[in-house]
Amino acid sequence: MKFGDRLKELRKKRTDLSQKKFGEYLGLAESTISMYEQNRREPDYETLIKIADFFGVTVDFLLRGESKETQEKVYTEEAKKILNDPKFFIAARDGKVTDEIVDAALEIIVEQLKEGRKKKI
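Definitions and limits used
- Residues numbered from 1 in each chain as written.
- Predicted model: local features only at pLDDT ≥ 70, side-chain atom pairs only at ≥ 80, totals over all residues.
- Heavy atoms only, no water.
- Phe/Tyr/Trp six-rings, centres within 6.5 Å; stacked < 30°, edge-to-face > 60°.
- Helix = DSSP H or I, 4+ residues; strand = E, 2+ residues; numbered from the N terminus.
- Buried < 20%, exposed > 50% of the residue type's maximum accessible area, 1.4 Å probe, protein only.
- Arc of directions from axis to C-beta.
- Contact = heavy atoms within 4.5 Å.
- Patch = residues over 30% accessible without salt bridge, like charges linked within 9 Å, V, L, I, M, F, W, Y side chains within 5 Å.
- Areas by Shrake-Rupley, 256 points an atom, 1.4 Å probe, with all protein chains shown as cover.
- Salt bridge = Lys/Arg side-chain N within 4 Å of Asp/Glu carboxyl O.
- Lys, Arg positive; Asp, Glu negative; His and termini not counted.
- Charge placed at Lys NZ, Arg CZ, Asp CG, Glu CD.
- Axes fitted to C-alpha atoms, helices over the stretch in contact; angles between N-to-C directions.
- Left-handed = near helix turned anticlockwise from the far one by under 90°.

Novice: Got a minute to help me understand the packing of aromatic side chains in this structure?
Specialist: Aromatic ring pairs are defined here through the distance separating the ring centres and the angle between the ring planes. For the structure on display, the rule yields five aromatic pairs. For the ring pair phenylalanine 22 and phenylalanine 54, a centre distance of 5.2 Å and an interplane angle of 55° mean the geometry is tilted. Of the two residues, phenylalanine 22 is situated in helix 2 (residues 19–26) and phenylalanine 54 in helix 4 (residues 45–55); the sequence distance between them amounts to 32 residues.

Next comes the structure, spelled out in structure tokens:
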């Protein structure tokens, strides 16, 4: 499945969202949205981000079809690598690192990774 196919599928799920309305939201002509959905044209990076934000999906999903669950796994794996790096030491008051501390740290790191990727794109 290509970008345009995923875009069309996402838009069609929103029964109230015509190509014209969606184009107005993005500041684009209805014909441009049509071209995207026909895989005859691709958006620039800025527009791609707007589309991802609008539908609450990742740019990776739009481009490669990766689900949020897949992305969460990637973020979690990246976070675990950071936690296991000796340069980043997490210490508890009593000196013991519990599962709860690791889970909380993972959550924070995953959110930071997500934000960092949003800003890079």
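Novice: Mind showing me how you'd approach helix 1 (residues 3–13) here?
Specialist: An α-helical turn contains 3.6 residues, so any two residues separated by three or four positions project in the same direction. Along helix 1, the positions that sit buried rather than exposed are Phe3, Gly4, Arg6, Leu7, Leu10 and Arg11. An end-on view of helix 1 places all buried positions within 160° of arc, on one side of the element. Exposed and facing more than 90 degrees away from the buried side of helix 1 are Lys12 and Lys13. Tucked inside the fold, the buried residues of helix 1 contact helix 2, helix 3 (30–37), helix 4 and helix 5 (59–64).

Novice: Any chance you could explain a negative patch on the surface here in plain terms?
Specialist: A contiguous patch of negative charge on the surface is contributed by Asp99, Glu100, Asp103 and Glu107. Inspection of the secondary structure puts aspartate 103 in helix 7 (residues 99–120).

Novice: I tried to follow the pattern of salt bridges on my own but got confused; where do I start?
Specialist: What the rule picks out here adds up to four salt bridges. With a closest N to O distance of 2.5 Å, glutamate 37 and arginine 11 form a salt bridge. Remark: arginine 11 occurs in helix 1 and glutamate 37 occurs in helix 3; sequence separation between them is 26 residues. You can call arginine 11 buried: its relative accessible area is 7%.

Novice: I would appreciate a short explanation of the packing of helix 1 against helix 4 in the present structure.
Specialist: A pair of packed helices is characterised by two quantities: the angle between their axes and the separation of those axes. Where helix 1 meets helix 4, the axes come as close as 11 Å, and the angle between the chain directions of the two elements is 35°. The two elements helix 1 and helix 4 cross, and the hand of that crossing is left-handed. Across the interface between the two elements, Phe3, Leu7, Leu10 and Arg11 from helix 1 touch Leu48, Ile51 and Phe55 from helix 4.

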